[in-house]
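Architecture and fold: a report
Below, each chain spelled out in residue letters.
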Amino acid sequence: VQAGLVQAAYLLPTIIPIALVVAAIWFAIAWFGHNRILDLVTGAKRVGDPREEPRLWRLTEELCIARGMTMPRLGVIETPARNAFASGVTRDKAAVTVTRGLMDALDDRELSAVIGHELAHIRNGDARLGVIAAVFVGVITLVTDMAWNAMRFRSIRIATRRSNSNNRGAAGILILIAIAIAVAAHLLALVLRMALSRNREYLADAGAVDFTKDPDAMISALRKVEQQ
């Protein structure tokens, strides 16, 4: 047992600095470039002029003026799917992206409710929370893989040196430690995901009603989205 713990402690000074550097780089990329990354991944086209998407621009502007919010950047994805999402780590860099299918399926009241839902996400800081959670879940997974691979490699080396009981015990302890790290990391990742659970969506639904003062429109929009 003692040999296994010593070997595990020996690995920490190597893994932790690498994990911290990777986390810092990963976080910087996500913080400053996640809007651009989302645009590239989803194929979203940014709306830079009201004349490009007058209906979407008008409905969003009306809600922002009514609530004193900064107008977010708007984007449209050319797909028949019915979806919308908010992004941006700060309010001044926030964006609301909707699909063409969603705009075609909803009337003005319903689309306004969906936009209000996404504006509520921005107001509540959910987009920022999503970026932070995604980064840390990724980092936790990376560290887990590094620790698992390093300990597994070292346990194999220990076991193959001399097949005595001490070496076999040390190798077994390293494997158990690696498994414990993996379980703890995945539990932590689960907790982070729960921070973005359905409760955040319920809060955004309530926020949409607060923005539009039209609960029936939100209900109708949700039904149409579910029908796709």
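Only a predicted model underlies this, so the values are computations on that prediction, with no experimental measurement involved.

Each value, and the rule that gives it
Residues numbered from 1 in each chain as written. Predicted model: local features only at pLDDT ≥ 70, side-chain atom pairs only at ≥ 80, totals over all residues. Heavy atoms only, no water. pLDDT = per-residue confidence, 0-100. Helix = DSSP H or I, 4+ residues; strand = E, 2+ residues; numbered from the N terminus. Buried < 20%, exposed > 50% of the residue type's maximum accessible area, 1.4 Å probe, protein only. Pairing = 2+ DSSP bridges. Axes fitted to C-alpha atoms, helices over the stretch in contact; angles between N-to-C directions. Contact = heavy atoms within 4.5 Å. Expected span 1.5 Å × (residues − 1). Arc of directions from axis to C-beta.

Residue-level pLDDT values for the protein chain average 79, and 66% of them are 70 or greater. The lowest-confidence element of the protein chain is helix H6 (residues 165-194), averaging 64 in pLDDT; the highest-confidence one is strand E2 (residues 73-77), averaging 96.

Of all 5 residues making up E2, 4 are buried, and the element is well covered by its neighbours. Pairing between strand E1 (residues 45-47) and E2: 3 bridges, direction antiparallel. Counted as the bridge partner of Val47 is Leu74 from E2. Pairing geometry for E2 and strand E4 (residues 95-99), over 5 bridges, is parallel. Looking at E4, one finds that Leu74 is bridged to Val96.

Taken in spatial order, the 4 strands of this open sheet run E1-E2-E4-E3, and their pairing is mixed. Only two strands of the sheet have a single partner each, and these edge strands are E1 and strand E3 (84-87). Each adjacent strand pair in this sheet contributes to an overall mean axis angle of 25 degrees, direction not counted. Two strands pair when backbone bridges link them, and E3 and E4 are joined in this way by 4 bridges, in the antiparallel orientation. In the sheet register, Phe85 faces E4, and the bridge partner there is Thr97. Here helix H2 (residues 54-67) sits on the sheet in contact with E1, E2 and E4, set at roughly 140 degrees to E2. Its contacts with the sheet put helix H4 (residues 108-124) on E3 and E4, and the angle it makes with E3 is roughly 25 degrees.

This paragraph deals with helix H7 (residues 198-212). Between its first and last C-alpha atoms H7 spans 21 Å; for 15 residues at 1.5 Å apiece the expected length is 21 Å, and the two agree. Taken together, the buried positions of H7 are occupied by Ala204, Asp205, Gly207, Ala208, Phe211 and Thr212. Around the axis of H7, the buried residues are gathered within 165 degrees of arc, so they sit on the same side. The inward-facing, buried residues of H7 contact H2, H4 and helix H8 (215-226).

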